[in-house]
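Given next are the chains, with one letter for each unit.
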Amino acid sequence: MATELIPVGGGGRIWAEKAGDGPPLVLLHGSVHDSRLWDRVFAGLARHHTVVRYDARGHGRSTPPTAPFRYEDDLLAVLDRFGFRAAGLVGLSMGGEVALDFSLEHPERVRSLMLIAASAGGHVWPRTPETDAYAAAYRASDARRIAELELTLWAGLGDRAPGFEVIEPMVRENAEAAAAAEKGHALDPTEVAVDRLDRIGVPTVVVVGDHDHPEIGAIAARLAGGIPGARLELVAGADHYLPLRAPARLLELLLDSVPQG
């Protein structure tokens, strides 16, 4: 395994780790996460793929944003740095949204998609007390409250289910950085993904845990129904942190679904 810091726009640096040999695969985490999200599938994937995981701008070991940037541009920089003409993309939550937007912008650079518990640009979430509290915590840059809500809303299986020993510190360490990253730095794509799902032309698998937030299930159904040929997989015993809750099943799905040649 090798790690490096990849230069990106605005003087930033993206921390990335690469391992294995074979068809390239890039892993993208969610909004209060970092590359630790993939701890329990990374080595298994590296036995079959050249696999890269990285910390998004402002998360983990990557530098915080100091100017407007696009997550999609950072992903392009990662692909270019490792010489991947095209790669399979595996994204969870925000990472799934980035992978989807990137596939629409740069279809020639994408071989396949796995969208895990993904959000999607243009999907309107119903307003609830929980979502209002989450938005208020971000507006206030209240890292403690962001972490508390994240663990309550998204890690619904709690501290006795597998993976919580990774989930809790990862969330708490990234909450402050995630709040800062939302303050006018991360730019939205110019087009709305949910209006263009029929333009996705690569093999796509949509994955959701049976204990995830109901709206994530609704998004999963929307993605699977709108992307030509997409397959929907429901994973038992998993909430939003599916790669840490059910790694064996996810690894099975990845090795079964991602093109090997």
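Residues numbered from 1 in each chain as written. Predicted model: local features only at pLDDT ≥ 70, side-chain atom pairs only at ≥ 80, totals over all residues. Heavy atoms only, no water.

### Considerations on the sheet that holds strand S5 (residues 87-92)
Reading across from one edge, S1-S2-S4-S3-S5-S6-S7-S8 is the order of the 8 strands in this open sheet, with mixed pairing throughout. Each having just a single partner strand, strand S1 (2-8) and strand S8 (231-235) make up the two edges of the open sheet. Neighbour to neighbour, the strand axes of the sheet diverge by 20° on average, direction disregarded. Taken together, the 4 bridges between strand S3 (residues 24-28) and strand S4 (residues 50-54) define a ladder with parallel strand orientation. (Pairing = 2+ DSSP bridges. Helix = DSSP H or I, 4+ residues; strand = E, 2+ residues; numbered from the N terminus. Axes fitted to C-alpha atoms, helices over the stretch in contact; angles between N-to-C directions.)

### Some points on the side chain of Glu150
Relative to the assigned elements, Glu150 resides in helix H5 (residues 143-153). With no salt bridge to any partner, buried Glu150 finds its closest opposite charge in Arg245, at an N-O distance of 10 Å. Of note is the side chain of Glu150, whose polar atom sits 3.4 Å from the side chain of His33. Within the structure, Glu150 has its side chain in polar contact with the side chain of Tyr134 (distance 2.3 Å). (Buried < 20%, exposed > 50% of the residue type's maximum accessible area, 1.4 Å probe, protein only. Lys, Arg positive; Asp, Glu negative; His and termini not counted. Salt bridge = Lys/Arg side-chain N within 4 Å of Asp/Glu carboxyl O. Polar contact = N/O pair within 3.5 Å; in protein donor to acceptor, adjacent residues only side chain to side chain.)

### Topic: the pairing of S8
Here strand S7 (residues 204-209) runs beside S8; their pairing, made up of 5 bridges, is parallel. Following the sheet pairing, Val206 is matched in S8 by Leu232. Crossover handedness for the path S7 to helix H7 (residues 214-226) to S8: right-handed. (Right-handed = clockwise from strand over helix to strand, strands pointing away.)

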